[in-house]
Amino acid sequence: MSASVSLRHVNKVYAQRAKNPIYAVKDFNIEIKPGEIVALLGSSGCGKTSTLRMIAGFEEVTEGEILIGDRPVHRLAPAKRNVAMAFEGYSLYPPLTLRQNIAFALKGERLDTAEVSRRVDAISKLLELDKHLDRYPSSVSAGQQQRASLGRALVRKADIYLLDEPMGQLEPQLRAALRGRLKRYLREHRMTAILVTHDQTEANALADRIAVMEGGRLQQFASPGELKDAPANLFVGTFIGEPPMNVYRVRPSLGEGRVSFRGAGDGKAEVLSYAESEFSAPIRQLIGKGEEIVLGIRPHDVRVGEGASLGEIVSNQWIGDQTHMEAAFPGGVIVSTLDARHPGRMGEPVKLAIPAGKLHIFAGDGRAIAHGTRLV
Ligand SMILES: Nc1ncnc2c1ncn2[C@@H]1O[C@H](COP(=O)(O)OP(=O)(O)OP(=O)(O)O)[C@@H](O)[C@H]1O
Ligand SMILES: [Mg+2]
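Residues numbered from 1 in each chain as written. Chains lettered and ligands numbered in written order. Predicted model: local features only at pLDDT ≥ 70, side-chain atom pairs only at ≥ 80, totals over all residues. Heavy atoms only, no water.

Student: Just checking my understanding: could you explain the pairing of strand β6 (residues 83-86) for this structure?
Tutor: Working note: regular strand, side chains alternate between the two faces of the sheet. Of the two faces of β6, the one lined by V83 and M85 and the one lined by A84 and A86 are each fully buried. In this structure, β6 lies alongside strand β7 (residues 160-164), joined through four bridges in parallel fashion. Paired with M85 across the bridge in β7 is L162. (Buried < 20%, exposed > 50% of the residue type's maximum accessible area, 1.4 Å probe, protein only. Helix = DSSP H or I, 4+ residues; strand = E, 2+ residues; numbered from the N terminus. Pairing = 2+ DSSP bridges.)

Student: Please clarify how helix α5 (residues 172-188) should be interpreted in this entry.
Tutor: Because each turn of an α-helix spans 3.6 residues, side chains separated by three or four positions in sequence point in the same direction. With 17 residues, α5 extends 24 Å from end C-alpha to end C-alpha; this agrees with the ideal 24 Å at 1.5 Å per step. By the burial criterion, the buried members of α5 are L174, R175, L178, R179, L182, Y185 and L186. Across the axial projection of α5, the buried residues extend over an arc of 140 degrees, all falling on one side. Residues of α5 that are exposed and point over 90 degrees away from its buried face: Q173, R184 and E188. Among the structural elements, β3 (37-41), α3 (113-126), α4 (142-154), β7, β8 (192-197) and α6 (200-206) are those in contact with the buried residues of α5. Of the residues flanking the end of α5, it is R190, one or two places downstream, whose phi is positive at about 45 degrees. (Expected span 1.5 Å × (residues − 1). Arc of directions from axis to C-beta. Contact = heavy atoms within 4.5 Å.)

Student: I tried to follow the UniProt feature "domain: ABC transporter" (unreviewed entry) in the protein chain on my own but got confused; where do I start?
Tutor: Look at the UniProt record and you will see "domain: ABC transporter" (unreviewed entry) annotated at residues 5-240. Spanning residues 5-240, this segment combines 33% helix with 26% strand, and its end C-alpha atoms are found 25 Å apart. (UniProt positions renumbered as here; feature names shortened; annotations may be inferred.)

Student: How do you make sense of unusual backbone geometry when you look at a structure like this?
Tutor: Excluding glycine, a negative phi dihedral is what most residues carry, and trans is how most peptide bonds are arranged. Following E242, the chain continues to P243 via a peptide bond in cis, the omega torsion being -10 degrees. Looking at where P243 falls in the secondary structure, it is placed in the loop between α8 (234-239) and β11 (246-255). The backbone of E128 sits at a positive phi, close to 55 degrees, despite the residue not being glycine. In this structure, E128 sits in the loop between α3 and α4. One non-glycine residue with positive phi stands out, namely E256, at about 50 degrees. Here E256 lies in the loop between β11 and β12 (258-263).

Student: Just to check I follow, could you spell out the site of ligand 1 for this structure?
Tutor: In the region of ligand 1, 13 residues are neighbours, and S44, G45, T49, S50 and E88 sit closest. In this structure, C46 approaches ligand 1 through a main-chain N or O atom, which is 3.2 Å from an oxygen atom. One nitrogen or oxygen atom from the side chain of T49 is found 2.7 Å from an oxygen atom belonging to ligand 1. Burial of ligand 1 by the protein chains amounts to 63% of its free accessible area of 640 Å². With three residues, the top contributor of residues to the shell around ligand 1 is helix α1 (residues 48-56). Residues belonging to the shell around ligand 1 are distributed by class as follows: four nonpolar, seven polar and two charged. (Near = heavy atom within 4 Å. Polar contact = N/O pair within 3.5 Å; in protein donor to acceptor, adjacent residues only side chain to side chain. Areas by Shrake-Rupley, 256 points an atom, 1.4 Å probe, with all protein chains shown as cover. Nonpolar A, V, L, I, M, F, W, Y, C, P; charged D, E, K, R; others polar.)

Student: Honestly, the sheet that holds β3 in this entry has me stumped. Any pointers?
Tutor: Within a sheet, adjacent strands bond to each other through the backbone by hydrogen bonds, running parallel or antiparallel. Spatially, β6-β7-β8-β3-β9-β10 is the arrangement adopted by the six strands of the open sheet, whose pairing is mixed. Two strands lie at the open edges of the sheet, namely β6 and β10 (217-222), each paired on one side alone. Averaged over all adjacent pairs, the angle separating strand axes in this sheet is 15 degrees, with direction ignored. Contacts from α1 reach β3, β6, β7, β8 and β9 (209-214), with the element oriented near 150 degrees to β7. The strands touched by α4 are β6 and β7; relative to β6, the strand with the most contacts, the crossing angle is about 175 degrees. (Axes fitted to C-alpha atoms, helices over the stretch in contact; angles between N-to-C directions.)

Student: Please clarify how the packing of aromatic side chains should be interpreted in this entry.
Tutor: In this description, a pair of aromatic rings is defined by centroid distance and the angle of the planes. A complete count under the given rule lists seven aromatic pairs for this structure. Taking 6.2 Å as the distance between ring centres and 70 degrees as the angle between the ring planes, the aromatic pair formed by F261 and F279 counts as edge-to-face. Pair noted here: F261 is in strand β12 and F279 is in the loop between β13 (270-275) and α9 (281-288), with a separation of 18 residues, a long-range link. For the pair Y274 and F279, a centre-to-centre distance of 5.5 Å together with 90 degrees between the ring planes defines the contact as edge-to-face. Looking at Y274, the relative accessible area reads 4%, which means it is buried. The exposure class assigned to F279 is buried, which follows from its relative accessible area of 5%. Joined through ring pairs, the aromatic side chains of F261, Y274 and F279 make up one cluster. Lying across the ring of Y14, K12 places its NZ or CZ 5.0 Å from the centre. (Phe/Tyr/Trp six-rings, centres within 6.5 Å; stacked < 30°, edge-to-face > 60°. Lys NZ or Arg CZ within 6 Å of the ring centre and 35° of its normal.)

In structure tokens form, the structure reads like this:
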């Protein structure tokens, strides 16, 4: 049932012969294990759908190889790949009811009518579609069409399941409920699934590993925890995590037992300063070169009310379960999050501590150099 998926040096170029070809996917490599749930995460236009459609066979692979299990499939017709896909645009058959649409996916499996009904009913229940099965696509909501499209993919027995934004149209409550059920269903049936989303909560909640894409390139393929703790570059660092990581372009210097980071811009103000002993020898050595770097600080890692650094509160918002605080400090503005409410008002001073062990250090070109005390 569940198969591995490998993409090797996969490229997609649209309008290859036109004056301005579109390089949608560039040298994409990934190895997905049988039964693994993988999310493709990235901003609009980064190449997620193109990648999925190439795996399914609806888009030609311009260059490279795709394997399902140990079977090269990139030259096979879609029907020969044994892949089930839920499309971004649903593509339901208008003259068929939702029940018939979902059942249609089972045509190839030659099941008896009772078994078809049983399977369609089970998946419809899971997706809370059971009350709408006798309606036509044109007479149900976008969210219901989307769930029917998801049902049509899940009801099949296939080697892999490709789900393109399968819950994008749903309201947050239903989305969260379905997310849990979908995950349990995929796990119980040991299904290999690739899910496209631009919602990082969804990716974190559902996926074993997340492939972060930008500009057609795979930026990092890792578990949600690893993406957060050890982003491979500044793009992943700032893309993953809400609110985003604070970043400061600085030049480090060593002297008199201290490490000092000064703004790389005109001001040259000291942004942060630490005792040298807070950094490991390899990181000190690296910093000692004095080259421009980028410091990344996650809002959650800023300790408000502690330490010597002084900031001035710019805004303090309670968003229902967290405080988001913005403060001006010599590095510019720093955003922090706290689990509790904070009494501070705009314009008031606030103490801020940023432990050296929580700093993410990136090279000037964005490559990660160190996460906390760990060199990359
Ligand atoms: N049929 C096509 N012909 C020409 N260019 C295309 C075609 N399909 C996609 N593209 C271009 O390829 C790039 C990647 O598109 P793709 O649909 O894969 O992005 P995506 O990550 O799925 O975005 P979204 O989140 O908006 O769905 C974009 O620049 C897009 O304009
Ligand atoms: Mg898309």
